[in-house]
Structures are given as C-alpha cells and as structure tokens.
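# Secondary and tertiary structure notes
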Amino acid sequence: MTDATAAAALAPKKSIITVDDRTQKRNAAEKRFRAYGIAAIAAGMVFLVVLLGSILLNGVTAFQQTFIQVPVYLDPAKVDKEGNRDPEEMAKVSTFGYKPLLIEAMAELVTERGIETEIAPGDMDALFSSSAVAQLRDRVLANPDLVGETVSFNILAASRVDGYLKDRVSRDSVARDKNIDAGHLDIVDALRAEGDVVKRFNWDFILGSDASESRPEQAGMGVAMLGSFFMMLVVLGLSLPIGVAASIYLEEFAPQNRLTDVIEVNISNLAAVPSIVFGILGLAVFIQFMEFPQSAPLVGGLVLTLMTLPTIIISTRAALKSVPPSIRDAALGVGASKMQSVFHHVLPLAMPGILTGTIIGLAQALGETAPLLLIGMVGYIATNYPDGISSGFLDPNSAMPAQIYEWAKRADPAYYERAWGGIIILLVFLFAMNAIAILLRRKFERRW
Amino acid sequence: MYDRTFPENAVTAQDIKIEAKGVNVHYGDTHAIKDVSVDIQDKTVTAFIGPSGCGKSTFLRCFNRMNDTIDSARVTGDIRIDGEDIYDKRVDPVQLRAKVGMVFQKPNPFPKSIYDNVAYGPKIHGLAHTRADLDDIVEKALRRGAIWDEVKDRLQAPGTGLSGGQQQRLCIARAIATEPEVLLMDEPCSALDPIATGQVEELIDELRRDYSVVIVTHSMQQAARVSQKTAFFHLGNLVEYGDTDEIFTNPQDPKTESYITGRIG
C-alpha cells in the first residue's frame, strides 16, 4: 500500500489532452492495419469485377445468333418425287436433296434485292450453316403440306457470317479463309441493310445439343445440362442421406475413442483430396471393376458423390454441433430416447446448416471437371437427347463444365465465344443454387 | 434473509424415496463423488449445497442417469428408487427419466410453442389418447407450474419468447407434465432475478405435496427457505446431512459451519 502511493507520488503527472508517444505509435499501427485490410478487400473486388466483366464481355455474344430470312420454294419435284405427300416416302430424300433448294433460294434472294456479286449461285452455301439444310428437311417432313409452296424460313447463318456481324471475322482474316470470300461479306452487308440478315436471341445455345467442330453456330448446352441434371440427382440422392446419417452417428451416437478420431481425421483429409484422384478411383472401381457404362451420368454422379460427401459431413456436423447441448438435455430430461431427441429437436434446428452445406456441396460438384474427364463424361452428343429416365442415367453424356472444356479446346474461334457463354450459364446455375441456400437458411432459421 | 420460511415447512417422518449407498462417480481419472450415501425422503424438498465443483450436480444427475450421456463418467454404488436399483441392467434410462423429471440450471425450453413444450413429454410417453386429453394435461401442468395465467392466451407463442423466470417455470411445467415421482432441480434459480426466484421457490414448496424434490443450489438462503433436508458436499464428500433447521442453526461438522458462515466456498 505504502509502496504504491510512493510510486504514484514520484511519477510526473500526465495530461490526457496531449497524445503520448506510445499512444501515437499504437494509433499509427492501427491505421496501417486498417489500410491493409481495405487494400486487400479492394484488390479482391477488383479481381472479382475483372473476372465477371471479362466473362460477360466474352460470353454474352454467344446468346445471340445470326439468322437469314429467306423465302424457299419447296419444289415437289425434288422433295416429293412420288407426289403423294407421304412422309415416309419423303424421308428417303436426304439433306443432299434439300441443299439445292436453299442454294437456289439464296441466289434468288440476292438477285431479288438487286445485289451485284461475282459469287456464283452455287457458292451461296457458304452463307448459311450446313445444319440449316437439316432443319429445313425436318420442317418439311413434319408438315408435308408445305411442299409446292414458297415458305419463308429463318435459317441459321454460317459461323463466319455470324462472326462477321459480331466483329470476330474481319475482311483481313477472310482473305486467308477457304470457307468464305469477301464477296460473301458484301452480300451479307447488303442483305443486312435490307433486314434479311438479323441477330436474334439464340435459345438453341441454351437448349440445343453440341455440334461438330465445323459448325459452331449450331452448338448448344442443352444435352450437357441434362447430363449435369441427372448427375446432380445421383449426387443429391446418395450424398444427402449418407452424409447426414454419417454425421448424426458420428456427432450424436459414436463413442469417443481412437477409432472415431481416426475416422474424423480421415473425413477432414478426404475433403482436401484433389478431385482428379476421385476421378481415377471412379474409373478403377465403377467402370473397370463394376463395369458400369462409361461416360454415363450415373457413374459421374457416383464419383461426385464421393467427392461431395466430406463437404456435406463436415458442414452437417458443424450444424449439429452448433445446436446447444441444453436442448439435448431438455429432451432427455423429459424421457425422450436418444433418437427422439435427435430427430425431434436437434435435427430440425440443424436443418438450415445441413441444407446450406448440401447445396454448397452440390454447387461444387456441378462445377467439377477433372474427375469427369477421367471417366469419359465428355461425350460428344450432337443430336440425341436422352429419351427417358433410365437413358438419362445410363447413356453416354457430357456435363456442363466438361462441355465448356471441350469447346475451349476446339480450334474454331467461334467456339471460344461459346465456351465463355457456357461459363455464364454455369455461373447462373451456381448463383441460383447459392441463392436457394440463402433462402432456405432464412426460412428455416429459428431464433432462441 | 433466513426468516422467510413457508408455513408448512415442518419436517415429518416419511417414507424413503431414493436410497443411495456408497455411490462413487469417476470422470476419467477424476474422482468426483466419493462414497456418498443418502436417503431422500418422499414429499420432501432436499437441498444439496456446497462450494462450486464439490460434486453436488454430478450426484444429482446420478438419480436420473443423466451421467450416462457423458462418455467418460462412471458411476458405481447402489441407488434405489422405491427399492428398485436404477443402475440394474434391465432398467431403460429413458423409462427412468420419465419417472424422475429434471429441471436444468439454464432455462432450456424447446424452440417450439409453449403448448408443444409441455405436450412433448406426454406425447412421447403416450399419456394422452385424444387431443382433448392432451389439452387437459398441458393445462394442468401449466397450472401446477404457476404459469397458466400468464400464458393461457398465447399457448401457440414460442416458449423461447418468455422472460427468464417464465421460461424456467415453463420448464418445470414441462417436467411435471410427464407425471414424474421425483423432481430433480439443478440450480433452477441461478439465472433468474430475485422476483422470479421467489416465484420459483414458492412453486417448489407447492410441488412438495406430490413429489420428492431434490434441489441443488449455490444459495444457502435458498436452501434454508425451501428445503426440509439439507446435504452439504465438499470436495466430493458428503460432509453432513440432516434437517435443514439443524444444519443451519447447529451444524455438527466444523466445515459445514465455516461454509454456511461464509468462510469457505
């Protein structure tokens, strides 16, 4: 007591109006630290904006496609030689029979608009996509009454024409291009002025199937989307029940011993295993050993389930852990069994966390590419949509990220745009899933 | 503080409800309860007092086998309720807990409606066959929990929205809704203000008519007010057990005396 008073008497009195050296240093350090934090966040935001900006800039054009409005005379002599409008007989005429119709129609349109060109009428096919012929044939076969009439069709323009309208193809690059001449571009310019060549929103990019390397204008995400959808069904159907059951057992019932510890550590480790390892495991186990069909969404789903399980287990256990132990005590205290206490009280409270974890896990699985490459889920599916539930699971298919990877690999620069567009579609799904996770969390969250 | 006693606070010789003999509890290597023997009388409030960490809560949790939920806890010795060994292999702890209700230190209503909080126990034990039965049981329990008048108009409101004291009385109502024979209370008032504490204490005295109540408390005043029998624990040992009046006015053991006069603990 006396020592303390003596020391206080010796120390000089300090004013709190002036800031002393120590405080000044402390304040400076604090300011520096805050500046670091703000700089870090700003850097993160810049990267995010650049990322999203470049994706949008590069990909948004994929959603628009160039079409040519052209009246086609469906010559009965060419498409229905027998003349009785029987679709079965008409089906014998292949696309080769229809191509001249379109070429003629194009040439006629060019003359009608008074466009002067050195392009021979026979070379007009460089203007439209080779898929346009097939589309024309499908239309006619679906509706034989059209034969003999002149029908106005909206046909898909060739990818070079599309690229010209999107500034991807220039007159310089056309000089080195075998597919199209500068003369074709003159025609396009003229037809565009007349309103015969237009850019429109392209549903086929979202709903259509993949196309061959030489016709990027026709390629779409639809089939890959279905592949991803069936895969996600498998992942959800397997990983949610298995993951939740495993977490409940580990968190609520398992005795605390070495075995449980080993399992816990290994689950955490599994979450950090590179996804390609799961891919090679799936290849060895599901395809080579169990002989499941290759490239099938079922196998893809199984592999992604393995990959998603640790994520779901870890988040579910965290959600269960966050339920206050007093709730368990309360349930046991009124004579509920362990299982009743878990299912009536703990699980409902942990639900928002479990759902969020599951959806985040699914979103991760949706964007995963590497394991799919190993099990061959990069199928080239040009026309065949899966025609039922079982073929959806078992037939070869692709998945959205694998499709994007495929497109990015292809040589034609038109596919570059499509890859970016595919990323936009994938991101829309991921954003939607995260939004659902947030909404579910809000809806099920209870306060106490 | 010692002078607030309840009118019927006189101890009469009664049947023994719980008989504990040579009870030992270990948590891993810690010896938490050392050879404790106590006879708890029926229709009596028995208070366990003692400094923090003396094992009184642990001992209380032996009576409804709540210690079973702690992996490292081991209970040995003999505890009988109405002459039946509750640690017998044939005893299902779930059935035991329906017979021995418990109220915890922190009010812990389920995050459900007031009605569902009380109805949960009777529902899982199949005490009600119709909705009207259940309504009856809930009303009775809430009346006995001395909270009916405050909540009768908002039975569907969440139980967690009540004040602390109301929550604790709701928890008591929830515990008695399953018609237990023994009610264990682990420091039921430690999270409550003096007014709520007074209400809960009155309720405890009320409950004595039908139940054997065992209460763990930090507050010696509370023990003196509500209990007829008091057991003093120190470092896992039962130091002294006897009539509350005796313990507080004429303690036999010097340790008891130091504790109730505030020198240790």
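This text goes with the structure placed above it.
The structure displayed is predicted, hence computed values, not measured ones. Positions within a chain are numbered from 1, following the residues in the order the chain's sequence is written. Lettering for chains starts from A, numbering for ligands starts from 1, and both go in the order in which the items are written. For a predicted model such as this one, the threshold for reporting local features is a pLDDT of at least 70, and the threshold for listing and counting side-chain atom pairs is 80 or more; totals across whole chains, interfaces and linings nevertheless cover every residue. Note that water and hydrogens are dropped before the side-chain values are worked out from all heavy atoms of the structure.

### Section: helix α13 (residues 275–289) of chain A
Because an α-helix completes one turn every 3.6 residues, residues spaced three or four positions apart along the sequence face the same direction. All names here are of chain A. If you check α13, its first and last C-alpha atoms are 20 Å apart, about what 15 residues at 1.5 Å a residue would give, namely 21 Å. Its axis deflected by about 30° at Gly282, α13 carries its strongest bend there. Those residues of α13 that sit buried are Ser275, Phe278, Gly279, Gly282, Leu283, Phe286 and Ile287. What makes two residues a contact is simply this: any of their non-hydrogen atoms within 4.5 Å. Secondary structure elements follow DSSP: runs of H or I of four or more residues count as helices, runs of E of two or more count as strands, with numbering from the N terminus. Looking at the buried residues of α13, the elements they touch are α12 (258–271), α14 (297–321) and α17 (370–374). Just downstream of α13 lies Glu291, where phi reads positive at about 55°. An expected span of 1.5 Å times one less than the residue number is assigned to each helix. Consider a residue and the seven residues that end there alongside the seven that start there; fitting an axis to each set, the bend is the angle between those axes. Any residue under 20% of the maximum accessible area for its type is buried, any over 50% is exposed, and the rest in between are partly exposed; the area is computed with a 1.4 Å probe on protein chains only.

### Some remarks on the sheet that holds strand β5 (residues 84–85) of chain B
Residues and elements named next belong to chain B. One open sheet accounts for four strands, arranged β2-β1-β4-β5; its pairing is antiparallel. Edge positions in the open sheet fall to β2 (30–41) and β5, since each of these has one partner strand only. Where strand β4 (residues 73–81) and β5 come together, two bridges link them in antiparallel fashion. Residue Arg80 lies in a different strand from β5, and its bridge partner there is Asp85. Any two strands between which DSSP finds at least two bridges are classified as paired.

### So, a nonpolar patch on the surface
Residue and element names in this part refer to chain A. Candidates for patches are residues over 30% relative accessible area with no salt bridge; among them, like charges are joined within 9 Å and nonpolar side chains (Val, Leu, Ile, Met, Phe, Trp, Tyr) within 5 Å. The Shrake-Rupley method, run with a 1.4 Å probe, gives the accessible areas here. Residue values count only the displayed protein chains as cover. For this analysis, a salt bridge means a side-chain nitrogen from Lys or Arg found within 4 Å of a carboxyl oxygen belonging to Asp or Glu. Where nonpolar side chains cluster on the molecular surface, the patch consists of Ile276, Val277, Ile280, Leu281, Val285, Phe289 and Met290 and spans about 640 Å² of accessible area. By secondary structure assignment, the location of Val277 is in helix α13. Assessed through its relative accessible area of 40%, Val277 is described here as partly exposed.

### Quick word on the packing of helix α5 (residues 95–112) of chain A against helix α6 (residues 130–142) of chain A
Residues and elements named next belong to chain A. Here, axes are lines fitted to C-alpha atoms. For helices the fit covers the stretch in contact, and angles between N-to-C directions go from 0 to 180 degrees. Closest axis-to-axis distance for the α5/α6 pair is 9 Å, and the angle between their directions is 105°. The angle between the axes of α5 and α6 places the two elements in the roughly perpendicular class. Residues Thr95, Tyr98, Lys99 and Leu102 of α5 form the contact with α6, whose own contacting residues are Ala132, Val133, Ala134, Leu136, Arg137, Val140 and Leu141. Considered class by class, the residues forming the contact of α5 with α6 number eight nonpolar, one polar and two charged. Reported orientations rely on four angle classes, namely roughly parallel under 35 degrees, roughly antiparallel over 145, roughly perpendicular from 65 to 115, and oblique for the rest. Throughout this entry, Asp, Glu, Lys and Arg are counted as charged residues, while Ala, Val, Leu, Ile, Met, Phe, Trp, Tyr, Cys and Pro are counted as nonpolar. The remaining residues, Gly among them, count as polar.

### Here's the deal with the pairing of β2(B)
All names here are of chain B. With eight bridges connecting them, strand β1 (residues 16–27) and β2 associate as antiparallel partners. Its bridge partner lying in β2, Ile18 is registered against Ile40. Where β1 hands over to β2, the hairpin turn is made up of two residues, of which Gly28 adopts a positive phi near 60°.

### Let's talk about the interface of chain B and chain A
When the parts of a complex come together, some accessible area is lost, and that lost area is often taken as the interface size. On the chain A side, the residues contacting the 23 residues of chain B number 21 residues. Buried area between chain B and chain A, both sides added, is near 1,700 Å², and the carbon and sulfur share of it is 62%. The term buried area means the drop in 1.4 Å probe accessible area that two parts suffer when joined, counted for both and summed. Contact with chain A buries area across many residues of chain B, yet B:Phe110, B:Pro111 and B:Tyr120 alone supply 29% of it, more than any other trio. The tally of links between chain B and chain A comes to zero salt bridges. When contributions to the side of chain B that touches chain A are tallied by element, the ones reaching two or more residues are α2 (93–99), β6 (100–103) and α3 (114–125) of chain B. With four residues, the top contributor of residues to the side of chain B that touches chain A is α3(B). In terms of residue class, the side of chain B that touches chain A is made up of eleven nonpolar, seven polar and five charged.

### A word on the layout of surface pockets
Over the atoms rolls a probe the size of a water molecule, and its path tells where empty space is left. With a 1 Å grid laid over protein atoms only, a set of points is called a cavity when a 1.4 Å probe fits there but cannot get out and a pocket when it is open yet has protein on both sides within 12 Å along at least five of seven lines; lining residues have an atom within 4 Å of a point. Grid points are joined across faces, edges and corners, and a volume is the space filled by probe spheres set on the points. One number sums up the size of the largest pocket: a volume of about 640 Å³. For the lining of the largest pocket, the secondary-structure elements that each account for two or more residues are α11 (222–253), α14 and α15 (325–333) of chain A together with α2 of chain B. With five residues, α15(A) is the single largest residue contributor to the lining of the largest pocket. Partitioned by chemical class, the residues of the lining of the largest pocket number nine nonpolar, three polar and twelve charged.

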